[in-house]
Every structure is written in C-alpha cells, then in structure tokens.
Amino acid sequence: MKQVPTLKIDGITLSQSLAIIHYLEETRPNPRLLPQDPKKRAQVRMIADHIASGIQPLQNLGILKQIGERKTEWAQNCIASGFQALEQILQHTAGCYCVGDEVSMADLCLVPQVANAERFKVDMGPYPTITRINKALLELEAFKVSHPCRQPDTPAELRA
Amino acid sequence: MASEKPILYSYFRSSCSWRVRIALALKGISYDLVPVNLVKDGGQQFSAEFKALNPMKQVPTLKIDGITLSQSLAIIHYLEETRPNPRLLPQDPKKRAQVRMIADHIASGIQPLQNLGILKQIGERKTEWAQNCIASGFQALEQILQHTAGCYCVGDEVSMADLCLVPQVANAERFKVDMGPYPTITRINKALLELEAFKVSHPCRQPDTPAELRA
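Residues numbered from 1 in each chain as written. Chains lettered and ligands numbered in written order. Predicted model: local features only at pLDDT ≥ 70, side-chain atom pairs only at ≥ 80, totals over all residues. Heavy atoms only, no water.

Heads up, the condition is: UniProt positions are given in the numbering used here, feature names are shortened, and annotations may be inferred rather than shown by experiment.
Per an unreviewed UniProt entry, chain B goes by Maleylacetoacetate isomerase and derives from Pipra filicauda. A UniProt comment under Sequence similarities (unreviewed entry) is attached to chain B, and it reads "Belongs to the GST superfamily. Zeta family." Per UniProt, chain B carries the Pathway (unreviewed entry) text "Amino-acid degradation; L-phenylalanine degradation; acetoacetate and fumarate from L-phenylalanine: step 5/6."

Per an unreviewed UniProt entry, chain A is named maleylacetoacetate isomerase, and its organism is Pipra filicauda. Here is the UniProt Catalytic activity (unreviewed entry) comment for chain A, exactly as written: "4-maleylacetoacetate = 4-fumarylacetoacetate".

In structure tokens form, the structure reads like this:
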C-alpha cells in the first residue's frame, strides 16, 4: 500500500492503523482499548472510523499533493467539516474521554487529528469538547512518549 | 417490551450502505429501509431531520437496539458482536487482522476519496480523479490478495473484507475503471455476486432504485 504505519509482529506484516490496533487489542488485551459493552464499543468504532475514514484520508499527503495550490483551504474544510460532526457526537458519548471515562481507540484517533488541525491552522473555537478531551489525553504518558516531537526521526527544529 | 425492527437509512447506490445491507442479509436480520436520496433536493442527508439523527449527515445510519450508529464498519462490527452467526470475521487473530486491513484499505483508503461530497468539490476532472483513486487502491489491493485470498478475500469464508470489495468494484465499474489489471479482485467479486445476500442487497434491487436502473 506504500503507506505508514506498517507493523511487523508475530511473523506477520500489517498495515491500516485500526486493523493493527484491533490486532494488538485481541492479542495483548490489557489494558483494554475497547469497552466491554457492545453498544459502547460501537460508539468507539464510529468515532474512530469517522476520523480514520471521514477526515484523515481527505487531507493526507498524497491527496494534498494532487489538490495543489488550494491545499491548505482544502485541508481546513475537510477537518472543520469532520470536527463539526464529531463535536456533536461527543456531546452524547463523552466523559473524560471520547466515550465515557476510559481511553479507547477513539481517543487514539482524536489526538493525532487535532494535531493535524493545528498544523493547518484550523480554528478550534467551535469544538470545545474535542479541545477538552485532547488536552486531557495529552497529559497521559503514552500520548507524550509517542508524540511527533519526540520521535527518532523528528527534525531538530521540531524536537521537544 | 418487544424489540423494534432495526431501521436502516440507505441510498441505493451508496457503496457504504450496500456493505451494511449485505451484512444484514447474511445474518438474516430483517429491517425497515428508509431511503435517503443523496442527490435530490440538494441532498436529503443535509435536511435538519436527518442531521438530528446523524450529525455526520451520511448514510448508512442504523437504528438498532435503542441506539443510532453510523460508519459502516462500526455498524458491521456491532452486528457481528451481537448477532454472531454466521461469522463475518475469522476466529484466528492474524486472519482477522488481514480482513480488517483489507476492509480498512477500501473503507478509508479508496472510497472516501471518491465519494459524492469530494467529487462535487473536485468539479470537472472528477471522473479522472475517481478513476485514479480507485486504480491506485486496487493496484495495492490486488497484491495483498495474492497473499490472503482463497475463494474470497481472506481464505474461503465470506468476511467484512468481501462486504467492502463488491460495492467498491461496482463503483469502479461506474467510473469505467479498467479492471484488466486486477484479476484476483475480479474473480472474487464474481464469486461473491453469486451469493444471495449480495444479490438481494444489490443497488439494482432497492426500494429507491430508479426505474431505469432496476433489475
């Protein structure tokens, strides 16, 4: 697929972030990234898929190259449109995090997408719930240690 | 209290809606279908009424067991977890991962790039755009299927990957993508279209199928 992420694990090679994350969840189940209740699991997946299918692919690198000059405006529109819907959904599902008070796959999708929004200078004013949840998640060690500003390949000028 | 019948908000030609229709048919779940025309009246998905039901303003949306769900794969996973027979995911976690990888490649990597909302924004060169997205995605998929496919996308059991494949091939045909370079995709698609669930859920047989496209 000529894309990242790709994970080599247990003798197989996987791509597609949510397929990878589901595999990790099913083979290393603790701590859980999906609630036990099927209805809450569905809400988690709905939010994760909304971001992973409905927002990110529309503003990824390959697409923006093809859009050309108006790419910033394009990216801003995709993200704003998606966040507008997400903000409403979160009204019904959110506790401390996207769905209730446990970190889930939805939260793993939210934080990186907010970082994209910031990079494209999307006005986050209309999305207070997204903003609040993002802030709470960035306090957690796993979200800090995995941050783009702390990777082996982070350029010097962007390094934390 | 008697359970209410599920209600599916669907558009006959929406590939994402078709995925869910296939799942419901395979699992023998009867439901009421409410058509949402994505083109008429500026797009019925933008009505205040539909937006209240689903803020994402998209089909498919499924009302089931007292909740409202959108995102076809989230819906299909919910059906799988609450109505587990027949299964749409293998038991082995590695094969499950392959199924999800293929389903996500289609549902995140191909379809969103050529859906109605995007093509409206692309404008004049939309057919070329759609063809490029699909061809690019199918090129990668054809290679993946070399490793995973049996009768179907992953081995010999119908899975979520197959539910995504058939509607995407229909999109490819609609945009006149040359399917010559994708023999495995073509073979699997043909085999799946023999199955009753894929026939009964087909766009040409829906309550909202226009007369000129009806089977």
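1. Brief notes about the layout of surface pockets
It is a probe the size of a water molecule, rolled over the atoms, that shows where empty space is left. Here is the rule we go by: A 1.4 Å probe that fits into a set of points on a 1 Å grid over the protein atoms alone but cannot get out defines a cavity; an open set with protein on both sides within 12 Å along at least five of seven lines defines a pocket, and lining residues are those with an atom within 4 Å of a point. Grid points are joined across faces, edges and corners, and a volume is the space filled by probe spheres set on the points. Runs of E in the DSSP output that reach at least two residues are strands. Runs of H or I that reach at least four are helices, and both are numbered from the N terminus.
In this structure, the second largest pocket encloses a volume near 1,200 Å³. Around the second largest pocket sit 46 residues that line it, and Gln58, Asn115, Leu116, Gly117 and Ile118 of chain B are the ones nearest its centre. Mapped by element, the contributors of at least two residues to the lining of the second largest pocket are α2 (38-54) and α4 (71-93) of chain A together with α1 (15-26), α3 (72-82), α5 (116-122) and α7 (160-174) of chain B. Per-element accounting of the lining of the second largest pocket gives the leading share, six residues, to α5 of chain B.

2. Observations concerning the domain arrangement of chain B
Residue and element names in this part refer to chain B. Definition in use: In this document the domain limits rely on a domain assignment from an automatic tool or a database. In this description, contact between two residues means that some pair of their heavy atoms is separated by no more than 4.5 Å. Each of two parts loses accessible area, computed with a 1.4 Å probe, when they are put together; buried area is these two losses added.
You can read the domains of chain B as domain 1 (8-84) and domain 2 (93-198). If you average the C-alpha positions of domain 1 and of domain 2, the two centres end up 20 Å apart. Residue-level contacts link 16 residues of domain 1 with 20 residues of domain 2. Here domain 1 packs against domain 2, burying approximately 1,600 Å² in sum over the two surfaces, 73% of which is carbon and sulfur.

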